[in-house]
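# Residue-level structural notes
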Amino acid sequence: MRNETILVVDDEQLIRWSLVERLRAEGYEAIEAENGAQALEKIHDGVDLVLLDYKLPDTDGVSVLRRIKEHDPDILVILLTAYATVETAVEAMKIGAYHFANKPFNLDDVARTVAQALETTRLRREVRQLRATQAQPYAFDRIVGESAEMDALRALLRRVASSPATTVLLTGESGTGKDLAAKVLHYNSDRANRPFMNITCSAIPDALLESELFGHERGAFTDARQQKRGLLESADGGTVFLDEIGEMVPGLQAKLLRFLEEKAFKRVGGAHDIRVDVRVIGATNRNLEEQVKAGRFREDLYYRLNVLPVALPPLRAHLEDVPTLVGFYIDLFNREFRKSVRGASLPALEALRAYRWPGNIREVRNAVERAMLLADGSWLEPHDFPILGLKPASSAPIGLPAEGVNLEDLERSLVVQALERSNGNQTRAAALLGLNRDQIRYRIEKFGLVKQGVAP
Ligand SMILES: Nc1ncnc2c1ncn2[C@@H]1O[C@H](COP(=O)(O)OP(=O)(O)O)[C@@H](O)[C@H]1O
Ligand SMILES: [Mg+2]
């Protein structure tokens, strides 16, 4: 931790000197100013506490105090004065002086007051930080990345969060941050103090999904011994996140559409309408438009959901964020695993930036987690990331060995492997090699592979 900086303001050199000496002996940084103007200049150098003489040649201590507090209310000010009246003391305290010390002062007393004051702010700062992280685990800056894509995403989520919109659709490949975006939306909306509920539509049998969402009346079906409130009712005033909404069966889609349009629904087996105020956030990694065309997703529901679409880009569209994300997860896992990995080496970062990340940001998290569990150095190296070896980026072709290769042999071996892998199916083998059927037939003949019985 850096040493705290204390500014000593007094026109008497001897007083400045004795205070500065003492403060330095206590381990603080101490700087000085001999009048109000100088003091206000030095405030900008990052001062934690000011020992301020009440009587200055160019101005009085109270107006300097006022200016300091305007600049930064967190800076502590202890006023020193030889002739304090009760009125000046009261005024100074009102403006925010931490303490009033009478001149002539005892250096031990001043040192003790300074230490107490700094301890108080340290605690206050800690509490504030703790509160901030606890109240806001899903602040907008939890969405990491400085690329234009992530900037635009945060800006859009900001607008959507504070909008009155009750339906939002998140689209994006798996691992792009749809769950995260849903939580960020909820916790930054005026619904934040109400429940956030989520359900994955594909993970639950259809009949159960209906009663989970809408609830059921007693006796609605065989197992319904009790009346049950659904998620929508429990989340009243809050948000319901419907993950993989593209997997919902048509019957439920109709019921959901009615709810989105009329804010009303019936429990399973129920006769009367229930009204709740819920924001529904749907998410899908499928192309819903195609699902609509294929007749698997209701067009009217699609349009209703798509009023506010938020598209999460695949990571390969903003690879420049990879180093930041890697750093973010290194910090996270350092805390979690009590490690002190300092970062990923430059070659590692370069290779990670060239990788295509089919699993998107989730894959970054997993790759860093695995690397940190196994790595023993203080820097993560390329070999700590097996994905880099398993899937060379398309821009990095197979390396030429130092001793060279025989291209004919290599070609023959690759054709044989492709035929083996495709069980002799020439069309699939050709596809593996980027060839057409004629081209692979030519090579099968050239290498005499038919006679050897590799191909049927
Ligand atoms: N922009 C981002 N910054 C930091 N972490 C992210 C970001 N996007 C996603 N993540 C993290 O990546 C993982 C996968 O995200 P998730 O929201 O579950 O994706 P999805 O729901 O689209 O499959 C989670 O651990 C999430 O916290
Ligand atoms: Mg998800």
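Now for a description of the structure that goes with this document. (Residues numbered from 1 in each chain as written. Chains lettered and ligands numbered in written order. Predicted model: local features only at pLDDT ≥ 70, side-chain atom pairs only at ≥ 80, totals over all residues. Heavy atoms only, no water.)

## Let's talk about the site of ligand 1
Here is the rule we go by: We define proximity as follows: a residue is near a molecule or strand when any one of its heavy atoms falls within 4 Å of that partner. In the analysis that follows, any N or O atom pair within 3.5 Å is treated as a polar contact, provided that within protein one partner can donate a hydrogen and the other can accept it, and provided that, for residues neighboring in sequence, both atoms belong to side chains. To measure how exposed things are, a 1.4 Å probe is used in the Shrake-Rupley method; for residues, cover is taken only from the protein chains shown. Each helix corresponds to a stretch of at least 4 residues labelled H or I by DSSP, and each strand to a stretch of at least 2 residues labelled E; elements are numbered beginning at the N terminus. Residue polarity follows a fixed list, in which Ala, Val, Leu, Ile, Met, Phe, Trp, Tyr, Cys and Pro are nonpolar, Asp, Glu, Lys and Arg are charged, and the others, Gly among them, are polar.
Val-144, Gly-175, Lys-178, Asp-179 and Arg-362 are the nearest of the 17 residues found near ligand 1. In the model, an oxygen atom of ligand 1 is placed 3.0 Å from a nitrogen or oxygen of the Leu-180 main chain. One nitrogen or oxygen atom from the side chain of Tyr-329 is found 3.1 Å from a nitrogen atom belonging to ligand 1. Relative to its unbound accessible area of 560 Å², ligand 1 is 90% covered by the protein chains. Going through the elements one at a time, helix H7 (178-187), helix H13 (322-337) and helix H15 (360-374) are the ones with two or more residues in the shell around ligand 1. Considering only residue class, the shell around ligand 1 consists of seven nonpolar, four polar and six charged.

## A closer look at the side chain of Asp-53
Using the following cut-off: Only protein chains enter the accessibility calculation, which uses a 1.4 Å probe; a residue whose area is less than 20% of its type maximum is buried, one above 50% is exposed, and one in between is partly exposed.
Residue placement: Asp-53 occurs in strand S3 (residues 49-53). On the accessibility criterion, Asp-53 (3% relative accessible area) is buried. Polar contacts involving the side chain of Asp-53 include one to the side chain of Lys-103, which spans 3.0 Å.

## Brief notes about the packing of aromatic side chains
Definition in use: Note on aromatic contacts: the rings of Phe and Tyr and the six-membered ring of Trp form a pair at centre separations within 6.5 Å, being stacked when their planes are under 30 degrees apart, edge-to-face when over 60 apart, and tilted otherwise.
In total, this model carries ten aromatic pairs according to the counting rule given. Ring geometry for Phe-196 against Phe-241: centres 6.4 Å apart, planes inclined by 25°, an arrangement best described as stacked. Taken together, the residues span a long stretch of sequence, with Phe-196 in strand S7 (residues 196-200) and Phe-241 in strand S8 (residues 239-243) at a distance of 45 residues. We note that Phe-196, like Phe-241, is buried. With a centroid separation of 5.5 Å and 55° between ring planes, the pair formed by Phe-214 and Phe-265 is classed as tilted.

## Things to note about the sheet that holds S8
Condition: Any two strands between which DSSP finds at least two bridges are classified as paired. Between N-to-C directions, angles span 0 to 180 degrees; the directions come from axes that are lines fitted to C-alpha atoms, helices contributing only their stretch in contact. Note on definitions: a residue-residue contact is assigned when non-hydrogen atoms from the two residues lie within 4.5 Å.
Overall, parallel pairing links the five strands, which are arranged S7-S8-S11-S6-S12 in an open sheet. Across the chains shown, the open sheet's two edge strands, defined by having one partner strand only, are S7 and strand S12 (309-311). Recorded for the sheet is a direction-independent mean angle of 20° between the axes of neighbouring strands. Summarising the sheet, strand S6 (residues 167-171) and S12 pair through three bridges and their orientation is parallel. By the bridge assignment for S12, Leu-169 is matched with Pro-309. Those strands touched by helix H6 (residues 148-162) are S6, strand S11 (279-284) and S12, and its axis lies near 155° from that of S12.

## Some points on the packing of helix H17 (residues 407-421) against helix H19 (residues 437-446)
Filter applied, for reference: Roughly parallel covers angles under 35 degrees, roughly antiparallel covers those over 145, roughly perpendicular covers 65 to 115, and oblique covers all other angles. Left-handed describes a crossing whose near helix is turned anticlockwise from the far helix through less than a right angle; right-handed describes the clockwise counterpart.
Packing of H17 against H19 leaves a shortest axis separation of 11 Å and a crossing angle of 115°. On the basis of the axis angle, H17 is roughly perpendicular to H19. Here H17 runs over H19; the crossing is left-handed. Contact residues: Glu-408, Glu-411, Val-415 and Leu-419 in H17; Arg-443, Ile-444 and Lys-446 in H19. Per-class residue counts for the contact of H17 with H19 are three nonpolar, no polar and four charged.

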